[in-house]
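# Coordinates in review
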Amino acid sequence: STDTTYTFSLDETGGFVGLISPDEFLMDKVGYGSLTDPSLAEGGSPAPAPPVDGSLERKAYSDSTPSAMVGGIDSTKGNGEDSNNNSADFIIREAADNPDPQNSSSPTETSVIDANANSIVINEILYNTSSGNGWIELYNASSTAISIDSWTIKAATTTAQIYTIPSNHGSIYGDLAGNSFLVIY
C-alpha cells in the first residue's frame, strides 16, 4: 500500500535518484542503466536496468543473490548493503517477484550496517512499468527512528524532478522507525 504519493517519471534506460537531507547533504544516490554521466552512480558504476515490471533492490549483504533476497535466507535481513558502488549493491527483481513494495506497515527487518554508513538508504526502485505506476522505497537500516521531515528525493532523467517529504505528517512520516520502510508511489 502507498505511504505517500508523488508521480515520478523515471527513464526506462537510465537515470539517477538521490536522497537529500534538509541541510542539502546527499544521503544516498542510485544511478541505473545507461548514464551519460557515470558520476551520478555511486562508485561510477550504475546498477543494471531491470526488465519491464522488474525493480532494483538493495542487497542485505555483499554476497546476497536474487534467490537469497526473494524468499531465501536474506529475504528478511533488511537491505543495508551500501559499499558506495551501485552495480555491486543492487539485485534485479523480476516482475514475478514484485507483488508490492514494503512500506510503513510492513514488518521490521534486522540488518547489520557499518556504523559509519548512512542509515536511510534508497532501498528499491520500480520505474520501468507496463502500468506506468512506479515507486521508490526507502529503508532505515539502523535500529533507531530517524526524522525524515523535509528530506527531498531528486530524480533525474531527461528532466529533474523533486519531491519533498512533508513535515508534520503524522504517524506514517516524521520519524522513519528503525529497520522500517517507506514507499512513495
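Everything that follows concerns the structure shown earlier in this document.
The present account deals with the structure reproduced in this document. Here the structure is a predicted model, which means the values were calculated and not measured.

### Quick word on the sheet that holds strand S8 (residues 152-156)
Hydrogen bonding along the main chain pairs the strands of a sheet, whether they run parallel or antiparallel. One open sheet holds the four strands; their spatial order is S2-S1-S8-S9, and the pairing between them is antiparallel. In this open sheet, the two edge strands, each paired with only one partner strand, are strand S2 (26-33) and strand S9 (160-164). Direction aside, the axes of adjacent strands within the sheet are offset by 15° on average. By the bridge criterion, seven bridges tie strand S1 (residues 14-20) to S2 in an arrangement that is antiparallel. Each bridged residue has a counterpart across the sheet, and for Ile20 the counterpart in S2 is Leu26.

### Structural notes on the sheet that holds strand S3 (residues 55-58)
A sheet is described by the order of its strands in space; here five strands give the open sequence S4-S3-S5-S6-S11, paired in antiparallel fashion. Each edge of the open sheet carries a strand with a single partner, namely strand S4 (90-93) and strand S11 (181-184). Mean inter-strand twist for the sheet, computed between neighbouring axes without regard to direction, equals 25°. In this sheet, strand S5 (residues 120-126) lies alongside S3 in antiparallel orientation, the contact comprising two bridges. Paired with Leu56 across the two strands is Ile125, which belongs to S5.

### Structural notes on the environment of Glu94
With respect to the element layout, Glu94 can be found in the loop between S4 and S5. Taking the C-alpha atoms as reference points, Glu94 and Pro66, 28 residues apart in sequence, are found 9.0 Å from one another. Among residues more than four places away in sequence, those in contact with Glu94 are Pro51, Asp53 and Gly54.

### Describing the pattern of salt bridges
Going through the model one piece at a time under the given rule, you end up with six salt bridges. Across the pair Arg58 and Asp28 runs a salt bridge, and its minimum N-O distance is 2.6 Å. Here Arg58 is found in strand S3, whereas its partner Asp28 is found in strand S2, with 30 residues between them in sequence. The two residues Arg58 and Asp28 agree in class, both being buried. Note that Asp89 and Arg58 form a salt bridge whose closest N and O atoms lie 3.9 Å from each other. With Asp89 in helix H2 (residues 86-89) and Arg58 in strand S3, this residue pair connects regions lying 31 residues apart in the sequence. Across the pair, Arg58 and Asp89 agree in class, each one buried. Salt bridges here are not isolated pairs; linked through shared partners, they connect Asp28, Arg58, Asp82 and Asp89.

The rules we used
Residues numbered from 1 in each chain as written. Predicted model: local features only at pLDDT ≥ 70, side-chain atom pairs only at ≥ 80, totals over all residues. Heavy atoms only, no water. Pairing = 2+ DSSP bridges. Helix = DSSP H or I, 4+ residues; strand = E, 2+ residues; numbered from the N terminus. Axes fitted to C-alpha atoms, helices over the stretch in contact; angles between N-to-C directions. Contact = heavy atoms within 4.5 Å. Salt bridge = Lys/Arg side-chain N within 4 Å of Asp/Glu carboxyl O. Buried < 20%, exposed > 50% of the residue type's maximum accessible area, 1.4 Å probe, protein only.

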